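Coordinate inspection notes
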4 protein chains.
Amino acid sequence: MKKRALERREQILKAAFHAVADKGFEAVTLQDFADYAGVSKGVTNYYFENKEDVFSSLLDWVTKQIYKNECEAINDQSSAMKKLEAYIHSVFISPEKNRTFYKVYLDFIAQASRNERYQQINLQFYENCWGLGREIIVFGQEEGVFPKELDLNQSAKMIRATIDGCLIQWLMCNQDELHELYKQSCLETIVRFLRC
Amino acid sequence: MKKRALERREQILKAAFHAVADKGFEAVTLQDFADYAGVSKGVTNYYFENKEDVFSSLLDWVTKQIYKNECEAINDQSSAMKKLEAYIHSVFISPEKNRTFYKVYLDFIAQASRNERYQQINLQFYENCWGLGREIIVFGQEEGVFPKELDLNQSAKMIRATIDGCLIQWLMCNQDELHELYKQSCLETIVRFLRC
Amino acid sequence: MKKRALERREQILKAAFHAVADKGFEAVTLQDFADYAGVSKGVTNYYFENKEDVFSSLLDWVTKQIYKNECEAINDQSSAMKKLEAYIHSVFISPEKNRTFYKVYLDFIAQASRNERYQQINLQFYENCWGLGREIIVFGQEEGVFPKELDLNQSAKMIRATIDGCLIQWLMCNQDELHELYKQSCLETIVRFLRC
Amino acid sequence: MKKRALERREQILKAAFHAVADKGFEAVTLQDFADYAGVSKGVTNYYFENKEDVFSSLLDWVTKQIYKNECEAINDQSSAMKKLEAYIHSVFISPEKNRTFYKVYLDFIAQASRNERYQQINLQFYENCWGLGREIIVFGQEEGVFPKELDLNQSAKMIRATIDGCLIQWLMCNQDELHELYKQSCLETIVRFLRC
DNA sequence: AATGAATGAGGTTTCATTCAT
DNA sequence: GATGAATGAAACCTCATTCAT
C-alpha cells in the first residue's frame, strides 16, 4: 500500500530527526533510528535505500517543514513590517525547537560542503527563504518603508544570513534565556539595514 | 626535546586541518592525519592522547590563528571605518582559505552543541571576536560615525553573526566567484545597521 | 528466540574454551573464538558484551560443568571411601580433558588475583568443591573411617588444595603417562591425612 | 663492564617482578618495566633480547631466589620435623611476599603449558623442591618419625603439591588473615600423610 | 650506554548492510 | 511486510621493537 509506506517513511524520518538531534550526525546509528521509531532494525533498510538515503530525505523533509511554517506566518500578515516580524517570529519559534532543528541543520550543512545532494537540498531551501525575503522587501518598498535602491537579491540573502548567523551563535552559547534577546537583535539588525 | 615535540604537534595539527577540510570530521581517520603529515600511523597517538585530543587541539589552534590575523589587521588601522574594512578584509581572506577554514569550522560547531570542550573553545573565540567588534564600535562612536545609542555588546554580537552567516551561506552556494559579492554585502550590511 | 540465543552462546563458549586452551588467555583473539566456532568475527560481539564478558561467562560455565560432574560421581556412591574414590576419579578424568581444563583454569586463576569477577566465580567453585569434601568427610566420620576430631572445613579445603596441587604439578611435567600416578598419589595422600 | 651489566639486568628483573605482580603478565608493558626500574624505555631492549627474554630471565631468577631461601631455612635445622617446619615457614613467608610471588608464579605456570622455556625452568624449580622434600623425608625415616615404606619421590612431590595447592587457594580467597591458618593446615596435612 | 621518537602490526569494537525466516 | 541474526569492513588504539642521536 502506497499510503502506508509514506506514513512509515515519515515515522522513520521524525524518529531520525530526534535521533540526529540527540546523538549527532556522526554518532547516530540505524539502530538509533529503529529505537526512536519503535520499530525493528530492518525497517529502515526496507523503506530507504541506505543510511545516506535517510539523511537526504530527512534534510529535504525538515527544510520543507520549516519553509512551510515560514510561508504561513508571512501570508497571514499584510504589511511589510508585520510580515518581517512574523517571519522572524516563526523562525525563532522556541528555544527547544530551535535547538533541535539547528543541531540537525548544522550537522547537515557541515556535511553539505562535501555532499552534492545535501548542497542541492539546502540550496533549494535557500532559494525558498530568499524568496520570502524578497517578498517582504518588495512589500516594504511599495509601502515606502524600505528604500527603492536596495538590491533585492542581495538584501534577501543578507536577511537569511543574519537569521542563520544569529541562531547559530545563540546555539553555541547554550543559554536558552538569550533566545529572546537574539530574536530581538536579529529583527532590529535586519530592520536597521533595510531602512532608508 | 620540548621544542621538537611542539613542532611535531603543529605539523600534525596542520595536516589534520587539511585532512578534516577534505574528508570531513565524520570521515577523517588517524591514518589520514598521518598521511597528510607524511608520518606513520602511530605518531598521532604519540603526540596526542587520542583522536578527540587532536580535534580539540585543532579547534583551539585554528581559532587562535584566525583571531590573531584579525587582531593584526585591525591594529594596523586607525579609523573605525578603516578598522571595520580591515576586519572584514581579513575575515574574507580568499575563497580557498575561507572554504578550508569554514568547512572545518562548521564541522566543529556542528559537534559543539554536544561537546562541552568544543563549546568552550568556540566561546573563547566568540569572546575574542566580540571584543574586536566592540573596539571598532567604540572607535566609531568616538569619531561620531556610529550612534552613541548602540548597545555595544549586542552590536558586536551582530557583527560576528553577520560575518558567520554570510560566509556559511557563501560556502553553501559553492561558487567562488560570489566571494567578493558576499564580502561587499557583509560589509555594507554591517555599516548600514551600525550607522546613525 | 531465546533458546536459539542460548545455544549460540554455548556454542561460542565451547569454542572459546578450546581456543583458550590452545592459544592461552593472553594470546587468544576474538577471531580465534569465531574460527573455532565456525562463525564470523562479529558474532561474538553480538552475543557477548565484549571479550571480557566471554571470559567471565566461560569461567562460570566451565566451573559449573566440572562441579556438576563431580556431584554426579559422588552421589552415585554410598560409602565415604567410594565417594572419595569417585570424586578423585571424576576429577582425574583423563589426560586430555585434564590438560584442556587445567590450562584454561590456570589462565583464569592467574588473572583472578587482579579480577574481582573471576575471583567471585572461582570462590563459588571453591565453595561447591569444599561442600563435596565436607560431605565425604561427614560420611566417613559416621562410618568411623575418619576421626571425629578432624576440622571439617579445614580438611575439605585441604582435599581441594591437594587435588589442584597435584593436577597443576602433573600439567607442568607435561607427561601424560604420569596422570595415573598422580591420581593414585593424590587419593593416597588424601586418604592418609584423613585417616584416624 | 660485565659487572655493571649484571647489576642492570637484576635491577630490571626486580622492577619487572613487581610490575608483573601489579599489572599481570598479560597487561604489563616494556614501559612498565622501565617505569618501575626508573630507567628509560630503551634500556630493557638493550640488556635483554626482547620481552620474552625478560620473562624467562625473571622466572629463572625468582624461582632460584625462592629455592635459595628454602635451602637456607632447611639447612639451619637438624631434625626432620624442624626441617619440615622451617621449610613451610620459609615458604609461607608473609601474606605480602606470598601474594606478590604467587601472583607472578601463577602467571608463569599458566603460560608454561604452552611455553617450552618456562616449563623447563619450572621443572628445574620442581626438581630442586622435590630434592628438599626427599631430604626431609630421608631424615625423618632415619629418625624413625616417618615410615620406611614411604615412596620417596612420590611423597616429595606430594609435599610440593600440597604447598602450592594451599598457597594458590589462599591467594584466591584474597584474605590475608587466612594466611596463618593455611600455613598451619598445610604443615598439619603434610605431617599427617607422612606419619607412620 | 642510554634515550625516546618513530613505526606499523595486530587487537577489539562498532555498525551498515544483507537475507533467511 | 517485518524481523533480527549474521557478516565483515574499517576504525581506534596499544605497544614491541628499531634506531638515530
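Residues numbered from 1 in each chain as written. Chains lettered and ligands numbered in written order. Predicted model: local features only at pLDDT ≥ 70, side-chain atom pairs only at ≥ 80, totals over all residues. Heavy atoms only, no water.

1. Digging into the interface of chain B and chain A
Taken together, the contact pairs 46 residues of chain B with 46 residues of chain A. Carbon and sulfur atoms supply 55% of the area buried between chain B and chain A, which totals about 3900 Å² over both sides. Sorting the residues of chain B by area buried against chain A places Glu 26, Arg 114 and Met 172 of chain B first, and these three jointly supply 18% of that buried surface. The interface formed by chain B and chain A contains two salt bridges. Residue Asp 107 of chain B pairs with Arg 114 of chain A through a salt bridge whose shortest N-O separation is 2.7 Å. For the side of chain B that touches chain A, the elements supplying multiple residues, two or more each, are helix 1 (2-23), helix 6 (95-112), helix 7 (116-143), helix 8 (152-173) and helix 9 (179-194) of chain B. At twelve residues, helix 8 of chain B tops the list of elements feeding residues into the side of chain B that touches chain A. A breakdown of the residues in the side of chain B that touches chain A according to their chemical character gives 24 nonpolar, eleven polar and eleven charged. (Contact = heavy atoms within 4.5 Å. Buried area = accessible area lost by both parts, 1.4 Å probe. Salt bridge = Lys/Arg side-chain N within 4 Å of Asp/Glu carboxyl O. Helix = DSSP H or I, 4+ residues; strand = E, 2+ residues; numbered from the N terminus. Nonpolar A, V, L, I, M, F, W, Y, C, P; charged D, E, K, R; others polar.)

2. Description of the interface of chain D and chain C
Counting residues at the interface gives 46 residues for chain D and 46 residues for chain C. Taking both partners together, chain D and chain C bury about 3900 Å²; carbon and sulfur atoms supply 55% of that area. Three residues, Arg 114, Gln 169 and Met 172 of chain D, lead the burial of chain D against chain C; their summed loss comes to 18% of the area buried on that side. Linking chain D with chain C are two salt bridges. Taken together, chain D and chain C are joined by 21 residue pairs in polar contact (both at pLDDT 80 or more). When residues of the side of chain D that touches chain C are assigned to their parent elements, the largest contribution, twelve residues, is made by helix 8 (residues 152-173) of chain D. Its residues assigned to classes, the side of chain D that touches chain C shows 24 nonpolar, eleven polar and eleven charged. (Polar contact = N/O pair within 3.5 Å; in protein donor to acceptor, adjacent residues only side chain to side chain.)

3. Thoughts on the side chain of Ser 56 of chain B
All names here are of chain B. Checked against the element boundaries, Ser 56 lands in helix 4 (residues 51-75). Using a relative accessible area of 7% as the deciding quantity, one classes Ser 56 as buried. Apart from residues lying up to four places away in sequence, Ser 56 is in contact with Arg 117, Tyr 118 and Ile 121. (Buried < 20%, exposed > 50% of the residue type's maximum accessible area, 1.4 Å probe, protein only.)

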